[in-house]
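Descriptive analysis of the structure
Each chain, written out:
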Amino acid sequence: MLGSGSLSHLASRSFRAHYKQGASISVQGEEAGNIGILVSGLVKVFLITEDGEELLLQILGPGQLIGELNAVENAFSWEAAVPAEVCWVARSTFQDFESERPQIFFAYLSALEHQLTEHRLWAAALRGRTSLQRIAYWLVQQMPMGTGTGAPEIEVILTRPDVASFLNMTVETLCRGLHQLADRGVISLQASNRFRVTNTGELQALADFGQPRTRPAAEAVKHLLRAVPRAGSREKKRFGPGRKRVTCQLRKQAASTATGIGSCRQ
């Protein structure tokens, strides 16, 4: 966890930028000049293939990192899934922190490690599951923790092509799977981007959950970093508790990982 001195030093050498939903934040192939810390919102990370196909790899939440420290050019693209705020620090500044402010540098490395672990855990979770099981697994991950016997609603921010890419399937397979779950009485399709889980036990069984849900990477980041006031403000970032209606991948997880490394001047 960063001390006040390190946070002040970071704030003095950084700036904030705001992005509308769908705005490009950093583009694959462009010069990698800055490292971004996501302050609020959700950001898509995707890879553009030689054929022009966009492969969605990860959804980032507050406290997670944009960019690569030692890259000459961006290996991926980042886009705002919802309105987002990013704290930017020059790549050379982060490299200077290794000797000037090792506490900041090690916090960066720890956050990056947890972010990579999160991505690996997600990739491992999808291996060996059928398309229907992957959809069920993803839906279970969107459910707020501790929903009890209620019927939680899931509101999806991502487009269906993005969700399909994230689950490594076609849009047609995704739509067919959702309708299969609805026909079996597992979910109710409220709208194109909103579902109500009507049979939680069956959904978890389809997702092949053998162990209780855990989010180790998110929990580790939460304990590593803490929410801090904006520069010149006494107000802290606050995030509400889990609600019946949640948004797409990592929305609730993002709410629990607000970062202290994200303090910077406006």
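Fair warning: this is a prediction, and the values are worked out from it, not measured in the lab.

1. A closer look at the overall build of the protein chain
If you tally the helices and strands in the protein chain, you get 9 helices and 12 strands. Here the protein chain, with 266 residues, has 47% of them falling under the buried criterion. Restricting the contact set of the protein chain to residue pairs at least 6 apart, pairs at least 24 apart contribute 76%. Accessible surface for the protein chain amounts to roughly 12900 Å². Of this, 49% is attributable to carbon and sulfur atoms.

2. Section: the pairing of strand S7 (residues 77-80)
Covered by surrounding structure in S7 are Ser77 and Glu79 together with Trp78 and Ala80, the residues of both alternating faces. As defined by bridge partners, strand S2 (residues 24-26) adjoins S7 across 2 bridges and the pair is classed as antiparallel. Bridged to serine 24 within S7 is glutamate 79.

3. Details of the pattern of salt bridges
Per the stated rule, a full pass over the model turns up 6 salt bridges. With its nearest N and O atoms 2.6 Å apart, the salt bridge here joins lysine 44 to aspartate 162. Placement of the pair is lysine 44 in strand S4 (residues 43-48) and aspartate 162 in helix H5 (residues 160-166), with a sequence separation of 118 residues. Arginine 194 is the salt-bridge partner of glutamate 153, the closest N and O atoms lying 3.7 Å from each other. Of the two residues, glutamate 153 sits in strand S9 (residues 153-155) while arginine 194 sits in strand S11 (residues 194-197), which places them 41 residues apart along the sequence. Relative accessible area serves as the criterion here: at 12%, glutamate 153 is assigned to the buried category. Of the residues examined, arginine 194 reaches a relative accessible area of 24% and is grouped as partly exposed. Within this structure, Lys44, Glu79 and Asp162 form a network of salt bridges that share partners.

4. Let's talk about the packing of helix H3 (residues 102-126) against helix H4 (residues 131-142)
Packing of H3 against H4 leaves a shortest axis separation of 10 Å and a crossing angle of 140°. Looking at the two axes, H3 sits oblique to H4. For the pair H3 and H4, contact is made by Trp122, Ala125 and Leu126 and by Arg134, Tyr137, Trp138 and Gln141, respectively. Taken together, the residues of the contact of H3 with H4 break down into 5 nonpolar, 1 polar and 1 charged.

5. Things to note about the nonpolar core
Judged by nonpolar contacts, the single largest core of 35 residues is most densely connected at Ile135, Trp138, Leu139, Leu167, Leu174, Leu181 and Leu203. The contacts of leucine 203, once residues within four sequence positions are left out, are Ala136, Leu139, Val140, Met143, Leu181, Val186 and Val197. With 13 residues, the next largest nonpolar core counts Ile25, Val45, Ile66 and Ala84 among its residues.

6. Digging into the sheet that holds strand S5 (residues 54-60)
Spatially, 4 strands are ordered S2-S7-S4-S5 in an open sheet, and the strand pairing comes out antiparallel. Each edge of the open sheet carries a strand with a single partner, namely S2 and S5. Neighbouring strand axes in the sheet, compared pairwise and without regard to direction, differ in orientation by 35° on average.

7. Comments concerning the sheet that holds strand S6 (residues 65-66)
In spatial order, the strands read S1-S8-S3-S6; together these 4 strands make up an open sheet with antiparallel pairing. Looking at which strands have only one partner, the edges of the open sheet turn out to be strand S1 (14-19) and S6.

Procedures and definitions
- Residues numbered from 1 in each chain as written.
- Predicted model: local features only at pLDDT ≥ 70, side-chain atom pairs only at ≥ 80, totals over all residues.
- Heavy atoms only, no water.
- Helix = DSSP H or I, 4+ residues; strand = E, 2+ residues; numbered from the N terminus.
- Buried < 20%, exposed > 50% of the residue type's maximum accessible area, 1.4 Å probe, protein only.
- Contact = heavy atoms within 4.5 Å.
- Areas by Shrake-Rupley, 256 points an atom, 1.4 Å probe, with all protein chains shown as cover.
- Pairing = 2+ DSSP bridges.
- Salt bridge = Lys/Arg side-chain N within 4 Å of Asp/Glu carboxyl O.
- Axes fitted to C-alpha atoms, helices over the stretch in contact; angles between N-to-C directions.
- Parallel < 35°, antiparallel > 145°, perpendicular 65-115°, else oblique.
- Nonpolar A, V, L, I, M, F, W, Y, C, P; charged D, E, K, R; others polar.
- Core = buried A, V, L, I, M, F, W, Y, C linked by side-chain atoms within 4.5 Å.

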